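# Analysis of the macromolecular model
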Number of protein chains: 2
Amino acid sequence: MTDGTCDVENPDEKAVAEIKSEMPDHELIFKITDNFKAISDPTRLKILLALYKKPLCVCDLSAILEMSQSAVSHQLRVLRDKNMVRFKKEGKMARYYLDDEHVITLIKMGVEHAAE
Amino acid sequence: MTDGTCDVENPDEKAVAEIKSEMPDHELIFKITDNFKAISDPTRLKILLALYKKPLCVCDLSAILEMSQSAVSHQLRVLRDKNMVRFKKEGKMARYYLDDEHVITLIKMGVEHAAE
DNA sequence: TATTTAAATGAATAAGTATTCATATGACTG
DNA sequence: CAGTCATATGAATACTTATTCATTTAAATA
């Protein structure tokens, strides 16, 4: 075992090498996991589900999620940094919009999957 | 502002209440995020992508990912606990199989999304 | 203008987690 | 039967991250 593969019952070093070479590079892997990570937090998922229904201000999101304004703002910032939401300042309010249809498709599939 | 919603320009308390009532309950939200969390880690994502090509033993996965056997085993356990992979003991080896087609569909979409 | 409101943000804290290291188990092998 | 190999696992460590608290900013209002 010089290459890390098993000795036992393994005429498959070729297959292993092929799978390794076909593996997406670290950058792409990181991009993918980064997107999934964004929708892996209950607060952020709920924000996206709410905004899917209707653009909303921070205050309304805070009421819908029953969470502090600060916590919601912090998570909105995460979603903004990933370009999943955008906002428009309206007076002293900030109205947030969904800005990524792909993510909603992913979430819908996740909902179906989890609901069996 | 007694209900947490904004005073300003907000005749939408009804909409807010509706969105709140239509929000999936905590249990379902948790199920969904739990699945996404599983594929939000680069190591686990790579394991699933590799097993999608072909069932593999821990040792081969370790070689493909260029990671320690221990790290791979720990992550396989996480995926096993979520019923995303299963394994069959073959002598001293353990051959791991994908055990969740839905997850692969999600990952495929994630790949497409990330690759633009 | 002083005050209140909506939102953003930095720092601190707490909770979660991925990897490593050391060790254990069970199967094959010499 | 002693030793090696494949794998699993517990503990420790290092890192990430979600929330809270306190504060700040900018806009509306009294």
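Below is a short write-up of the structure. (Residues numbered from 1 in each chain as written. Chains lettered and ligands numbered in written order. Predicted model: local features only at pLDDT ≥ 70, side-chain atom pairs only at ≥ 80, totals over all residues. Heavy atoms only, no water.)

### Some points on the packing of aromatic side chains
Residues and elements named next belong to chain A. In total, this model carries 3 aromatic pairs over all chains according to the counting rule given. Aromatic pair F87 and Y96: ring centres 5.2 Å apart, planes at 25°, arrangement stacked. With relative accessibility at 38%, the residue F87 sits in the partly exposed group. Taking relative accessible area as the criterion, Y96 reaches 5% and is therefore assigned buried. We note R86 situated over the ring of Y97; from NZ or CZ to the ring centre the distance is 4.7 Å. (Phe/Tyr/Trp six-rings, centres within 6.5 Å; stacked < 30°, edge-to-face > 60°. Buried < 20%, exposed > 50% of the residue type's maximum accessible area, 1.4 Å probe, protein only. Lys NZ or Arg CZ within 6 Å of the ring centre and 35° of its normal.)

### Structural notes on the interface of chain A and chain B
Taken together, the contact pairs 60 residues of chain A with 60 residues of chain B. The junction of chain A with chain B conceals about 5000 Å² of combined surface from both sides, 73% of it contributed by carbon and sulfur atoms. When the area that chain A buries against chain B is broken down by residue, the three leading residues are I19(A), F36(A) and H113(A), summing to 12%. Where chain A touches chain B, the interface holds 2 salt bridges. (Contact = heavy atoms within 4.5 Å. Buried area = accessible area lost by both parts, 1.4 Å probe. Salt bridge = Lys/Arg side-chain N within 4 Å of Asp/Glu carboxyl O.)

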